[in-house]
Amino acid sequence: CALDQPVDRMDVRPDRRRVATLTPSARAELWDPFAGRPVATLAADARHVGFTPDGRFALVCGPDAVRVCDADTGAAVRPPLAHPRAVWHAAADPA
């Protein structure tokens with residue numbers, strides 16, 4: 001990947017076809033590692049980013065919600081899961 005700034009967090013999808021990054025400025029992006037370019041900006045105010053165990057979704061934690069995005073396109077697949085406080089981490093049950 002050709003990143004133009006440092007990365008605080010990175011997660012690689014299990015099939016290695018996508019990489020999710022979180023920058024110090026809180027920007028979460030979805031990357032195509034083979035093309036070396038971003039596919040989508042997932043959020044501009046993220047706290048954490050990661051993939052579900054099956055690699056179908058990217059989870060993006062923010063100041064008041066968790067966003068569930070398609071891991072291929074970055075598009076939201078449902079409304080954000082609201083929370084009254086900042087969400088710093090999320091994990092998905094593989095079952």
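Everything discussed here concerns the structure shown above.
Predicted model, so just to flag it, every value in this text is computed and none were measured.

> Can you walk me through the sheet that holds strand E1 (residues 9-12) in this structure?
The strands making up a sheet are joined through hydrogen bonds of the backbone, oriented either antiparallel or parallel. An order of E1-E2-E3-E4 is seen for the four strands of this open sheet, with the pairing classed as antiparallel. The open sheet has two edge strands, E1 and strand E4 (37-43), and neither has a second partner. Pairwise comparison of adjacent strand axes, ignoring direction, gives a mean angle of 20° for this sheet. In the sheet, E1 pairs with strand E2 (residues 19-22) via four bridges, with the strands oriented antiparallel. The residue of E2 that forms the bridge with Arg9 is Leu22.

> When you look at the pattern of salt bridges in this model, what are you seeing that I'm missing?
Close approach of charged atoms allows side chains of opposite charge to pair. Within the structure shown, the criterion is met by five salt bridges. With a shortest N-O distance of 3.5 Å, Asp45 and Arg67 are connected by a salt bridge. In this pair, Asp45 sits in the loop between E4 and strand E5 (48-51) while Arg67 sits in strand E7 (residues 65-70), placing the two residues 22 residues apart along the sequence. You can call Arg67 partly exposed: its relative accessible area is 25%. One salt-bridge network, held together by shared partners, links Arg13, Asp15 and Asp72.

Conventions and cut-offs
- Residues numbered from 1 in each chain as written.
- Predicted model: local features only at pLDDT ≥ 70, side-chain atom pairs only at ≥ 80, totals over all residues.
- Heavy atoms only, no water.
- Pairing = 2+ DSSP bridges.
- Helix = DSSP H or I, 4+ residues; strand = E, 2+ residues; numbered from the N terminus.
- Axes fitted to C-alpha atoms, helices over the stretch in contact; angles between N-to-C directions.
- Salt bridge = Lys/Arg side-chain N within 4 Å of Asp/Glu carboxyl O.
- Buried < 20%, exposed > 50% of the residue type's maximum accessible area, 1.4 Å probe, protein only.

Everything listed here is a matter of geometry and, on its own, says nothing about what the molecule does.
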